[in-house]
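# What the coordinates show
So the chains spell out like this:
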Amino acid sequence: MEIFENERVYDDGDKELDLIAPRAKRAQWRHRRVGPAWVKFGRRVKYLGRDLNAYVEENRVSPSDAA
């Protein structure tokens, strides 16, 4: 499943990332070292599209998997 463009580098301020969580929540996740992988360039936080898609796939819940 590809929700995000795999080859794109997303900035933490990009509105598309709100599909995963609001900006403040992502900051909390980074502090706790949970959530999708990220890259830092100085103070700038970036997300790789392929990492975002991997995170979405890892957190996918299928009703048929419930036991």
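Coordinates for the structure precede this section.
Residues numbered from 1 in each chain as written. Predicted model: local features only at pLDDT ≥ 70, side-chain atom pairs only at ≥ 80, totals over all residues. Heavy atoms only, no water.

## Section: a nonpolar patch on the surface
Our working rule: A patch consists of residues whose relative accessible area exceeds 30% and which take part in no salt bridge; residues with like charges are grouped when within 9 Å of each other, and nonpolar side chains (Val, Leu, Ile, Met, Phe, Trp, Tyr) when within 5 Å. We get accessible surface area from the Shrake-Rupley algorithm with a probe of 1.4 Å; when it comes to residues, only the shown protein chains can shield them. One speaks of a salt bridge when a side-chain nitrogen belonging to Lys or Arg is within 4 Å of a carboxyl oxygen belonging to Asp or Glu. Secondary structure follows DSSP: runs of H or I at least 4 residues long count as helices, runs of E at least 2 residues long count as strands, and numbering of each begins at the N terminus. To sort residues, take the accessible area from a 1.4 Å probe on protein chains only and compare it with the maximum for the residue type: under 20% means buried, over 50% means exposed, and anything in between is partly exposed.
Together, M1, I3 and L19 make up a nonpolar patch on the protein surface, roughly 340 Å² of accessible area in all. With respect to the element layout, M1 can be found in the segment before β1 (9-11). Residue M1 is classed as exposed on the basis of its relative accessible area of 54%.

## Side note on the environment of D18
Let me state the cut-off plainly: Pairs of residues are marked as contacts when any of their non-hydrogen atoms sit within 4.5 Å. As used in this structure description, the phrase polar contact means that two N or O atoms lie within 3.5 Å; if the pair is within protein, one of them must be able to donate a hydrogen and the other to accept it, and residues adjacent in sequence are counted only when both atoms belong to side chains.
The residue D18 is located in the loop between β1 and α1 (23-32) in this model. Residue D18 is classed as partly exposed on the basis of its relative accessible area of 37%. What D18 contacts, discounting residues up to four positions off in sequence, is R23 and R26. Within polar-contact distance, the side chain of D18 engages the side chain of R26 at 3.3 Å.

## Thoughts on helix α2 (residues 49-58)
Short version of the rule: As used here, the arc is the angular range of directions from the helix axis to the C-beta atoms.
Listing the buried residues of α2 in full gives G49, L52, N53, Y55 and V56. Down the axis of α2, the sector holding all buried residues measures 160°, keeping them to one side. Packed against the buried residues of α2 are β1, α1 and β3 (44-48).

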